[in-house]
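Structural description and commentary
Each chain, letter by letter, is given below.
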Amino acid sequence: MFFKKKIKFESKFKKDEFVSFHMNNDLKHGVIKNIRKENDIIYYDINVGGEATWLAKNIEEKDILKIK
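Residues numbered from 1 in each chain as written. Predicted model: local features only at pLDDT ≥ 70, side-chain atom pairs only at ≥ 80, totals over all residues. Heavy atoms only, no water.

Here we look at the pairing of strand β2 (residues 26-38)
It is a general feature of regular strands that their side chains alternate between the two faces of the sheet. Note the following rule: Being paired, for any two strands, means DSSP has found at least two bridges between them. A run of H or I in DSSP counts as a helix once it spans at least four residues, and a run of E counts as a strand once it spans at least two, with each numbered from the N terminus.
Of the strand pairs in this sheet, strand β1 (residues 18-23) and β2 are connected by 6 bridges, and their pairing is antiparallel. Each residue of the ladder has a partner; that of Ser 20, found in β2, is His 29. Hairpin remark: β1 followed by β2, antiparallel, with 2 residues in the connecting loop; positive phi at Asn 24, about 55 degrees. In this structure, β2 lies alongside strand β3 (residues 41-48), joined through 8 bridges in antiparallel fashion. Of the residues in β3, the one forming a bridge with Ile 35 is Tyr 44. Taken together, β2 and the strand that follows it, β3, pair antiparallel across an intervening segment of 2 residues, in which Asn 39 is found at a positive phi of about 55 degrees.

Some words on the sheet that holds strand β5 (residues 64-65)
Sheets are built from strands that pair by backbone hydrogen bonding, the pairs being arranged parallel or antiparallel. If you trace the 5 strands from one edge of the open sheet to the other, you get β4-β3-β2-β1-β5, paired in antiparallel fashion. The sheet is open, and its two edges are formed by β4 (54-60) and β5, each paired on a single side. By the bridge criterion, 2 bridges tie β1 to β5 in an arrangement that is antiparallel. Pairing of Ser 20 across the sheet is with Leu 65, part of β5.

Digging into the confidence of the model for the protein chain
Let me state the cut-off plainly: pLDDT measures the predictor's confidence residue by residue and takes values from 0 up to 100.
When the pLDDT values of the protein chain are averaged, the result is 88; 93% of them are 70 or greater. Mean pLDDT across the elements of the protein chain bottoms out in β5 (92) and peaks in β3 (95).

A closer look at the nonpolar core
Soluble globular proteins tend to pack their nonpolar side chains together in the buried interior. Going by this rule: What makes a nonpolar core is a set of buried Ala, Val, Leu, Ile, Met, Phe, Trp, Tyr and Cys residues whose side-chain atoms join them at distances within 4.5 Å. Buried, partly exposed and exposed residues are distinguished by accessible area as a fraction of the type maximum, computed with a 1.4 Å probe on protein chains only: under 20%, between the cut-offs, and over 50%, respectively.
The biggest cluster of nonpolar side chains holds 11 residues, and these are Phe 13, Val 19, Phe 21, Ile 32, Ile 42, Tyr 44, Ile 46, Val 48, Ala 56, Ile 59 and Ile 64. Elements supplying a minimum of two residues to this core: β1, β3 and β4. For this core, the element with the most residues is β3, which contributes 4 residues.

Pasting the structure below:
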C-alpha cells in the first residue's frame, strides 16, 4: 500500500473555520474543508451555502476574510 506523507505547514485559517471571501464581485460565506500548499501559496477549498451547498476550490489565503 502507498500512503501519502502529510506535509505540515502554518496557515492563517484552520479546517472547519467559518470565513468569507470575494467571488464575482459578491461576498460569500463558508466553512473551510481542505487546505493545501503549492509553490509557496496556500489554497483553501471552502464549502459555501446553506441548503444547496457547493465547493469553492483554489481560493488563495490572501483573498479570505475573517469576520468577527
